[in-house]
Amino acid sequence: MNDVLFRDGETPFFPLGLQCCNSSAFNASEMKAFWDSVAFTGVNTVEIPVYWETFEPEQNLFCYEFVDECLRQADLYDVKVIFLWFGSWKNGTSKYAPTWIKENPGKYKRVVTYEGIVTNILSPYCRENLEADKAAFLKLVQYIEQNNRKKNRVIGIQIENEPGMMMRGDRDCGPIAETLFQEEVPDEVKSVVFHHELGEVTDIWKEKGALTDGCWTDLFGEKAGEYFSVFGIASYIQELAAEAKKITDLTMIVNVWTDNVGWDEPGVDYPAGGPVSKVLGLWKMFAPDVDVVGLDNYKLDREGYLQDCQRYSKYGNPLFLPESHAWDEANSQTMFWAVGRYKAKGLFLFGPEAMYSDTGEIKPCSAEIIKSIKALVSIQSVLPHFINSGGIWAVVQEDKMTEQKICQGDAYIRIFFEFERTDYHHGYFGTKHGKGRGLLLRENANTYYAVGEGINISIRQNSGILYSRQRMDKYIGYKKVEEGYFDKQGRWICTRRRNGDESDYGIWGTSDVGAVKIELEEVK
């Protein structure tokens, strides 16, 4: 698994950002609300789609104006960019293909269902589809590379968007696909299955007798259709990624519409052929030039969210969240699990334009999410360091939880979620806050940083120092306690010093103070 997924030049980089709504990127004027959100939150990266239909409105006529505008705005707001290629597939359909593609289904073949219905989805087995998509995509990659060499604004490119086929079935049944499905399974597929442990895929293959010869149904039984689709979609995207890697060293991304939803049927509950968790290992084998399969995690329940983080952190795939909820309070907590527990390499909110009312007020459903994002912003430049060093913990208040404990060999840490004492800025004894959440970072034996909302931290060194049971922080030897943030170069900037009443009752954290640096006296 890659320790570093994104870089700013030679420096490891954690993209914390926003992705605009699907239709916002059609023109610059509609992007205003998005860029306003970027400025308000202070994130360091944006994700913006490039639509095949507007990028190549006529065959071999390429329009770069919108790309130029995005890069100009990125310069203005001083943020990095990940461009999203809405090409052959977007959410399991092909609605962003150009009109000249849609009007020529005889050449650019469509997926056909079991019932013989011709869909609006481009078939991954049609060479003309691949060549047309690849030609346009590589023009985009070339242009980005040429314009990015000096400014270093772009850090990644996403190929397609939640690729696969939503056609009420697990595979394409068109003439080309049907012929391939009935033929002998390709040797490269057999080799992958024979030599690698791939979870469910390996189990199914063994249940069918671990055959090394035969058609897809012979080797994989009722799962044959889905695995056939995986090979088709992944191989198609691999060709785009491999050619792009000849042009640029930018991170190549594919995002996923997750499985384990609804009836969990491919083509019905998620796009067939996509890199869902049950086939993630197999999919990655056929697309080695894709650097990461990004998890679009919209799960609101704790168990579902954590399970998806775990499922997509396997087979050498680092956890990366190109999309997550901007409109439900649950994500104000779950994002800290992704970063602190599963060491995510980047995190984005989707659709920040919708976080505001028509009058410009923050909607109640998004208020806590914005607080959490702003807390992360204060440490975003140093997150790669702490994630790679392991000195990072998620702090999340679950139902009926009043405190969380972190036990280290040389320190015992208690994080309280029910507390009153803060400072006069926050009402002293009348401080209101939502469910506690945040991150605790440890730089060395005596230096910690905390960010979040509604948390109060006490750190006891295992050194035999006298503590008061009632007011344990009264006797903790703080060398200093500071509020502040890390600048873009990773330097700590102190904005306020705490002492006395503001530290004797625990080191509290709220999103509006940024990060809190806790420096303990050295134990001798």
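See the structure printed just above.
Residues numbered from 1 in each chain as written. Predicted model: local features only at pLDDT ≥ 70, side-chain atom pairs only at ≥ 80, totals over all residues. Heavy atoms only, no water.

**Student:** Can you explain empty space enclosed by the protein? Please cite residues and give values.
**Tutor:** This structure, assessed with the given rule, holds one cavity of 30 Å³ or more. Forming the boundary of the largest cavity are Asp 3, Val 4, Leu 5, Phe 6, Pro 12, Phe 13, Phe 14, Ala 344, Lys 345, Pro 384, Ile 387 and Asn 388. The element best represented in the lining of the largest cavity is helix H15 (residues 383-389), accounting for three residues. (1 Å grid on protein atoms, 1.4 Å probe; cavity = no way out; pocket = protein on both sides within 12 Å on 5 of 7 lines; lining within 4 Å. Points joined across faces, edges and corners; volume = space filled by probe spheres on them. Helix = DSSP H or I, 4+ residues; strand = E, 2+ residues; numbered from the N terminus.)

**Student:** How would you sum up the sheet that holds strand E11 (residues 323-324)? Please name residues and give values.
**Tutor:** What links the strands of a sheet is backbone hydrogen bonding, and the strands pair in either a parallel or an antiparallel sense. Taking strand neighbours across the sheet as the criterion, the eight strands line up as E11-E10-E9-E8-E5-E4-E3-E12 in an open arrangement whose pairing is parallel. Of all the strands in the sheet, the pair left with one neighbour each is E11 and strand E12 (347-350). Judged from the four bridges that link them, strand E3 (residues 16-19) and E12 form a sheet pairing that is parallel. Counterpart to Leu 18 in the pairing with E12 is Leu 349. Helix-sheet contacts for helix H1 (residues 32-41) involve E3 and strand E4 (45-51), and the interaxial angle to E4 is about 165°. Relative to E12, helix H13 (residues 331-340) is tilted by about 155°, and along the sheet it contacts E11 and E12. (Pairing = 2+ DSSP bridges. Contact = heavy atoms within 4.5 Å. Axes fitted to C-alpha atoms, helices over the stretch in contact; angles between N-to-C directions.)

**Student:** Can you explain the packing of H1 against helix H3 (residues 65-77)? Please cite residues and give values.
**Tutor:** When two helices pack together, their arrangement is given by the angle between their axes and by how far apart the axes lie. Interaxial distance between H1 and H3 falls to 11 Å at its minimum, and their mutual angle equals 25°. With respect to their mutual orientation, H1 and H3 come out roughly parallel. Relative to H3, H1 is oriented so that their crossing is right-handed. Of H3, the residues touching H1 (which contributes Trp 35, Asp 36, Val 38 and Ala 39) are Cys 70, Gln 73, Ala 74 and Tyr 77. Of the residues in the contact of H1 with H3, the class split is six nonpolar, one polar and one charged. (Parallel < 35°, antiparallel > 145°, perpendicular 65-115°, else oblique. Left-handed = near helix turned anticlockwise from the far one by under 90°. Nonpolar A, V, L, I, M, F, W, Y, C, P; charged D, E, K, R; others polar.)

No statement about biological role is implied by the geometric values presented.
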